[in-house]
Amino acid sequence: PRRQRGFTLVEMVIVVFMVGVLATLAGPLFRDFIIQQSIRNAAYELMSDLTFARSEAVKRNLTVTMSKTGTWTGGRKIAAGATTLRQHPALSPNITITMASSSVDFFLNGRAAASASFTIDDAAGKASIVARCVSVDPGGRPQSVEGACP
(Lines give C-alpha, C1' and ligand atoms only; values in the text may rest on other atoms or scores of the structure.)
Protein backbone atom coordinates (compact mmCIF):
# COMPACT_ATOMS: atom_id res chain seq x y z
CA PRO A 1 0.00 0.00 0.00
CA ARG A 2 1.20 3.43 -0.95
CA ARG A 3 0.86 6.38 1.48
CA GLN A 4 -0.60 9.63 0.27
CA ARG A 5 1.54 12.73 0.78
CA GLY A 6 0.58 16.39 0.71
CA PHE A 7 -2.10 18.60 2.19
CA THR A 8 -5.84 18.29 2.02
CA LEU A 9 -8.01 21.08 0.71
CA VAL A 10 -9.37 21.71 4.20
CA GLU A 11 -5.84 22.16 5.61
CA MET A 12 -4.95 24.58 2.83
CA VAL A 13 -8.10 26.67 3.38
CA ILE A 14 -7.39 26.88 7.13
CA VAL A 15 -3.80 28.02 6.54
CA VAL A 16 -4.86 30.66 3.98
CA PHE A 17 -7.53 31.90 6.39
CA MET A 18 -5.02 32.16 9.26
CA VAL A 19 -2.52 34.06 7.08
CA GLY A 20 -5.30 36.45 6.04
CA VAL A 21 -6.27 37.14 9.65
CA LEU A 22 -2.64 37.77 10.64
CA ALA A 23 -2.11 40.12 7.67
CA THR A 24 -5.27 42.04 8.57
CA LEU A 25 -4.07 42.51 12.13
CA ALA A 26 -0.45 43.40 11.26
CA GLY A 27 -1.13 45.68 8.26
CA PRO A 28 -2.11 48.89 10.11
CA LEU A 29 0.69 48.47 12.66
CA PHE A 30 3.22 48.01 9.89
CA ARG A 31 1.93 51.15 8.11
CA ASP A 32 2.37 53.17 11.31
CA PHE A 33 5.89 51.77 11.67
CA ILE A 34 6.78 52.85 8.12
CA ILE A 35 5.45 56.39 8.72
CA GLN A 36 7.29 56.63 12.06
CA GLN A 37 10.54 55.63 10.33
CA SER A 38 9.89 58.21 7.58
CA ILE A 39 9.52 60.90 10.26
CA ARG A 40 12.76 59.81 11.93
CA ASN A 41 14.57 59.75 8.57
CA ALA A 42 13.27 63.23 7.66
CA ALA A 43 14.50 64.54 11.03
CA TYR A 44 17.98 63.12 10.45
CA GLU A 45 18.12 64.53 6.91
CA LEU A 46 17.06 67.95 8.24
CA MET A 47 19.73 67.77 10.95
CA SER A 48 22.28 66.86 8.29
CA ASP A 49 21.29 69.84 6.14
CA LEU A 50 21.42 72.21 9.12
CA THR A 51 24.87 70.92 10.11
CA PHE A 52 26.03 71.24 6.50
CA ALA A 53 24.77 74.83 6.25
CA ARG A 54 26.49 75.75 9.51
CA SER A 55 29.81 74.20 8.49
CA GLU A 56 29.68 75.85 5.06
CA ALA A 57 29.12 79.25 6.70
CA VAL A 58 32.29 78.78 8.75
CA LYS A 59 34.27 77.30 5.86
CA ARG A 60 33.28 80.00 3.33
CA ASN A 61 33.34 82.85 5.85
CA LEU A 62 29.90 83.88 4.55
CA THR A 63 26.29 83.84 5.70
CA VAL A 64 24.64 80.62 4.52
CA THR A 65 20.85 80.33 4.31
CA MET A 66 18.66 77.27 4.34
CA SER A 67 15.26 78.16 2.90
CA LYS A 68 12.10 76.27 2.08
CA THR A 69 10.97 75.47 -1.46
CA GLY A 70 7.28 76.38 -1.35
CA THR A 71 6.74 74.61 1.96
CA TRP A 72 9.29 72.90 4.21
CA THR A 73 7.77 69.57 3.18
CA GLY A 74 8.14 70.64 -0.48
CA GLY A 75 11.93 70.71 -0.20
CA ARG A 76 14.69 73.06 0.84
CA LYS A 77 17.71 74.84 -0.57
CA ILE A 78 21.00 75.76 1.05
CA ALA A 79 22.71 78.77 -0.49
CA ALA A 80 25.62 81.13 0.12
CA GLY A 81 24.53 84.33 -1.59
CA ALA A 82 23.52 83.42 -5.16
CA THR A 83 25.39 80.10 -5.07
CA THR A 84 23.24 77.04 -4.37
CA LEU A 85 25.23 74.58 -2.28
CA ARG A 86 22.65 71.83 -1.85
CA GLN A 87 19.02 71.18 -2.70
CA HIS A 88 16.78 68.68 -0.96
CA PRO A 89 13.76 67.29 -2.85
CA ALA A 90 10.20 67.15 -1.59
CA LEU A 91 9.41 64.65 1.13
CA SER A 92 6.88 61.83 1.25
CA PRO A 93 3.26 63.05 1.28
CA ASN A 94 2.77 61.01 4.48
CA ILE A 95 4.70 63.52 6.61
CA THR A 96 4.73 67.28 7.15
CA ILE A 97 7.42 69.69 8.33
CA THR A 98 6.32 72.96 9.85
CA MET A 99 8.29 75.97 11.02
CA ALA A 100 7.25 79.59 11.62
CA SER A 101 10.04 81.13 9.53
CA SER A 102 10.81 80.59 5.86
CA SER A 103 14.57 80.33 6.35
CA VAL A 104 17.44 79.73 8.77
CA ASP A 105 20.59 81.86 8.47
CA PHE A 106 24.02 80.83 9.73
CA PHE A 107 26.68 83.51 10.16
CA LEU A 108 30.36 83.09 9.39
CA ASN A 109 31.07 82.14 13.02
CA GLY A 110 28.56 79.25 12.83
CA ARG A 111 25.94 80.94 14.96
CA ALA A 112 22.31 81.03 13.87
CA ALA A 113 20.62 84.38 13.27
CA ALA A 114 17.75 83.18 15.50
CA SER A 115 16.56 80.02 17.21
CA ALA A 116 14.49 77.76 14.97
CA SER A 117 12.20 74.79 15.62
CA PHE A 118 10.89 72.34 13.02
CA THR A 119 8.05 69.95 13.86
CA ILE A 120 7.99 66.79 11.75
CA ASP A 121 4.73 64.88 12.00
CA ASP A 122 2.31 62.50 10.31
CA ALA A 123 0.27 64.28 7.63
CA ALA A 124 -2.90 62.51 8.79
CA GLY A 125 -2.34 63.59 12.41
CA LYS A 126 -2.72 60.06 13.78
CA ALA A 127 -2.27 60.03 17.57
CA SER A 128 -0.31 56.75 17.60
CA ILE A 129 2.53 58.31 15.57
CA VAL A 130 4.99 60.41 17.56
CA ALA A 131 6.22 63.69 16.07
CA ARG A 132 9.86 64.82 16.18
CA CYS A 133 11.24 68.27 16.91
CA VAL A 134 14.44 69.48 15.26
CA SER A 135 15.63 72.71 16.81
CA VAL A 136 18.57 75.04 16.27
CA ASP A 137 19.89 76.96 19.26
CA PRO A 138 21.38 80.48 18.89
CA GLY A 139 24.85 78.89 18.85
CA GLY A 140 23.81 77.15 15.62
CA ARG A 141 23.78 73.59 16.96
CA PRO A 142 20.86 71.45 15.76
CA GLN A 143 19.30 68.72 17.87
CA SER A 144 16.48 66.26 17.37
CA VAL A 145 14.12 65.04 20.08
CA GLU A 146 10.99 62.94 20.12
CA GLY A 147 7.75 64.90 20.50
CA ALA A 148 6.37 68.15 19.14
CA CYS A 149 8.29 71.38 19.55
CA PRO A 150 7.37 73.52 22.56
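Residues numbered from 1 in each chain as written. Predicted model: local features only at pLDDT ≥ 70, side-chain atom pairs only at ≥ 80, totals over all residues. Heavy atoms only, no water.

J.: Explain the overall build of the chain to me, please; I cannot follow it from the model alone.
T.: Regarding its fold elements, the chain presents 1 helix and 8 strands. For 150 residues, the compact-globule estimate of 2.2 N^0.38 gives 15 Å, and the chain exceeds it by more than 25% at 23 Å. Considered along the principal axes of its C-alpha atoms, the chain spans approximately 90 × 30 × 25 Å. For the chain, the residues scored as buried account for 33% of the 150 residues in total. Contacts in the chain between residues far apart in sequence, at least 24 positions, make up 52% of those at least 6 positions apart. A total accessible area of about 9300 Å² is found for the chain, and carbon and sulfur atoms account for 60% of it. Positive and negative charge centroids in the chain, built from 16 and 10 side chains respectively, lie 6 Å apart. (Helix = DSSP H or I, 4+ residues; strand = E, 2+ residues; numbered from the N terminus. Rg over C-alpha atoms; globule rule 2.2 N^0.38 Å. Buried < 20%, exposed > 50% of the residue type's maximum accessible area, 1.4 Å probe, protein only. Contact = heavy atoms within 4.5 Å. Areas by Shrake-Rupley, 256 points an atom, 1.4 Å probe, with all protein chains shown as cover. Lys, Arg positive; Asp, Glu negative; His and termini not counted. Charge placed at Lys NZ, Arg CZ, Asp CG, Glu CD.)

J.: I'm lost on a nonpolar patch on the surface in this one. Help?
T.: On the surface, a nonpolar cluster with roughly 730 Å² of combined accessible area is contributed by Val 10, Ile 14, Phe 17, Met 18, Val 21, Leu 22 and Leu 25. The topology assignment puts Val 10 in helix H1 (residues 9-60). (Patch = residues over 30% accessible without salt bridge, like charges linked within 9 Å, V, L, I, M, F, W, Y side chains within 5 Å. Salt bridge = Lys/Arg side-chain N within 4 Å of Asp/Glu carboxyl O.)

J.: Please clarify how the side chain of Gln 36 should be interpreted in this entry.
T.: Examined against the element boundaries, Gln 36 turns out to sit in helix H1. You can call Gln 36 buried: its relative accessible area is 18%. Every residue in contact with Gln 36, bar those within four places of it in the chain, is listed here: Ile 129 and Val 130.

J.: I keep staring at H1 and nothing clicks. Help me out?
T.: Turn by turn, an α-helix covers 3.6 residues, leaving residues three or four places apart pointing in a common direction. Between its first and last C-alpha, H1 extends 72 Å over 52 residues, near the 76 Å set by a 1.5 Å rise per residue. Bending of H1 peaks at approximately 35° at the position of Ala 26, with proline Pro 28 no more than four residues after it. Just beyond H1, the residue with positive phi is Asn 61, at close to 60°. (Expected span 1.5 Å × (residues − 1). Bend = angle between axes of the 7 residues up to and from the residue.)

J.: Teacher, can you tell me more about the side chain of Arg 132 here?
T.: Mapping Arg 132 onto the fold places it in strand S7 (residues 132-136). Of the side chains bearing the opposite charge, Glu 146 lies closest to the buried Arg 132, which forms no salt bridge; the N-O distance is 4.0 Å. Among the polar contacts made by the side chain of Arg 132, one reaches the side chain of Ser 144 at a distance of 3.2 Å. With residues up to four places along the chain from it excluded, the contact list for Arg 132 reads Ile 39, Arg 40, Ala 43, Tyr 44, Phe 118, Thr 119, Ile 120, Ser 144, Val 145, Glu 146 and Gly 147. (Polar contact = N/O pair within 3.5 Å; in protein donor to acceptor, adjacent residues only side chain to side chain.)

J.: What is the right way to read the state of the cysteines from this model?
T.: In a disulfide, the sulfur atoms of two cysteines are held together by a covalent bond. Tallied over the entire structure, the rule returns 1 disulfide. Each disulfide pairs two cysteine sulfurs, and for Cys 133 the partner residue is Cys 149, the sulfurs being separated by 2.1 Å. Handedness of the Cys 133-Cys 149 disulfide follows from its S-S torsion of about 105°: it is right-handed. Highlighted residues: Cys 133 in strand S7 and Cys 149 in the segment after strand S8 (142-146), separated in sequence by 16 residues. Across the pair, Cys 149 and Cys 133 agree in class, each one buried. (Disulfide = S-S within 2.5 Å.)

J.: Looking at this model, I keep getting lost on the packing of aromatic side chains. Mind explaining?
T.: How two aromatic rings sit relative to each other is set out by the distance from centre to centre and by the angle between their planes. Within the structure shown, the criterion is met by 2 aromatic pairs. Centroid distance Trp 72 to Phe 118: 5.0 Å. Interplanar angle 90°. Geometry classified as edge-to-face. A residue pair is termed long-range when its members are at least 10 positions apart, and Trp 72 in strand S2 (residues 71-80) and Phe 118 in strand S6 (residues 116-122) qualify at 46 residues. When sorted by exposure, Trp 72 lands in the same class as Phe 118, which is buried. Positioned over the ring face of Phe 52 is Arg 86, at 3.9 Å from the centre of the ring. (Phe/Tyr/Trp six-rings, centres within 6.5 Å; stacked < 30°, edge-to-face > 60°. Lys NZ or Arg CZ within 6 Å of the ring centre and 35° of its normal.)

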